[in-house]
Each structure stands twice: as structure tokens, then as C-alpha cells.
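Here are the chains, one letter per residue:
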Amino acid sequence: MITVENTIYLSFGGVLGYLLKIIVEHSLTKSRNKEDRESVQFTAAANIFRSIVINELAGLYPEATDFPRDIKMRLSRSLPNIQAAVTVFGVHLKGSNTLAFQDAWKKFRNVCKSEIPKQCEPAEILYNNASPIKAQSILREHVDALLKFAA
């Protein structure tokens, strides 16, 4: 039998159900908007990072069209700008990607400071069969490792 009391309970339950539905929809929308914002920010940061690295290493990467005799000097001029880009871009990475990215950066930096210049020393080229081609390959490998995080 329909009574005023039953009608009030049913109406109250309907209102509570409707409010719960609105709260859940709002939370989901808010979560999606945050994910969308983060995705847009990541994409923008990745594009900037990629362009800084490629511009700083122009002539050396992706193809070595202008590999200088004094590679150590050339790389030492580029490293500070690349490091700044690494710092800014690294903020946009999540979880284990952050550590892997930092590791890739450290390897890149160390290779640029020691291994690549050593491969290009005249004594290495003459006596140990090293060559700028090997140095170019090493550079490309480490730049690719850094840029894969911006893909």
C-alpha cells in the first residue's frame, strides 16, 4: 500500500541515488580532465626536449654531417643546455621511467665527457684502430636512449 511515509522514503532514496550518481560522474570527469592535462603537458615537454637535444647536437645527430676535430669542446658547449632540458623534461616522467631516464642521462653525459673524445684522439685512431665513425655510433646510441623517453 502506498502511504505518505513510503513515498517520502522512496523520494529520499531517489534523491540520494541521483546525488551519488552526480558525485561519481564529477569525480570521473575531474580525473579524466587531469589525465588529459597531464598528457598535453607531457607531449609539449617531450617536443621541447626533443628539439633542444636535436638542435644542440645539430651536425652530430641523427647523422654526423659535421663531426668536428675537437669533439670534446663541441660536446662540452652542448651539455649544459641538454642538462637543463633533461631537468625540465624529467619532471613529466612517472615511476620507473624517471629512474631509467636519469640513468640514460648519466650514461650520455659520461660518454660525452670521456669515451667519445677518447675515440677521436689521433693516437687512438692511429694505434688502436679507433675512429670517429665508432664515436658517432656511440653518440647516436646514447642520444637515442635519451630521446626514447620523449616518444
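Residues numbered from 1 in each chain as written. Predicted model: local features only at pLDDT ≥ 70, side-chain atom pairs only at ≥ 80, totals over all residues. Heavy atoms only, no water.

(A) Here's a closer look at the side chain of Arg74. Here Arg74 shows up in helix α2 (residues 71-90). The buried charged residue Arg74 lacks any salt bridge, with Glu56 as its nearest oppositely charged partner at 5.6 Å. (Helix = DSSP H or I, 4+ residues; strand = E, 2+ residues; numbered from the N terminus. Buried < 20%, exposed > 50% of the residue type's maximum accessible area, 1.4 Å probe, protein only. Lys, Arg positive; Asp, Glu negative; His and termini not counted. Salt bridge = Lys/Arg side-chain N within 4 Å of Asp/Glu carboxyl O.)

(B) Here's a closer look at α2. Along its 20 residues, α2 runs 26 Å from first to last C-alpha, staying within 8% of the 28 Å computed at 1.5 Å per residue. The largest bend along α2 measures about 35° and falls at Leu79, with the proline Pro80 one to four residues further on. Those residues of α2 that sit buried are Ile71, Arg74, Leu75, Ser78, Leu79, Ile82, Ala85, Val86, Phe89 and Gly90. (Expected span 1.5 Å × (residues − 1). Bend = angle between axes of the 7 residues up to and from the residue.)

(C) Local environment of the packing of helix α3 (residues 96-119) against helix α5 (residues 132-147). The interhelical angle for the contact between α3 and α5, taken along N-to-C directions, is 170°, at an axis separation of 9 Å. By the criterion of interaxial angle, the relationship of α3 to α5 is roughly antiparallel. Mapping the contact onto sequence places Phe101, Ala104, Trp105, Lys107, Phe108, Val111, Cys112, Glu115, Ile116 and Gln119 in α3 and Lys134, Ala135, Ile138, Leu139, His142, Val143, Ala145 and Leu146 in α5. Residues belonging to the contact of α3 with α5 are distributed by class as follows: 13 nonpolar, 2 polar and 3 charged. (Axes fitted to C-alpha atoms, helices over the stretch in contact; angles between N-to-C directions. Parallel < 35°, antiparallel > 145°, perpendicular 65-115°, else oblique. Contact = heavy atoms within 4.5 Å. Nonpolar A, V, L, I, M, F, W, Y, C, P; charged D, E, K, R; others polar.)

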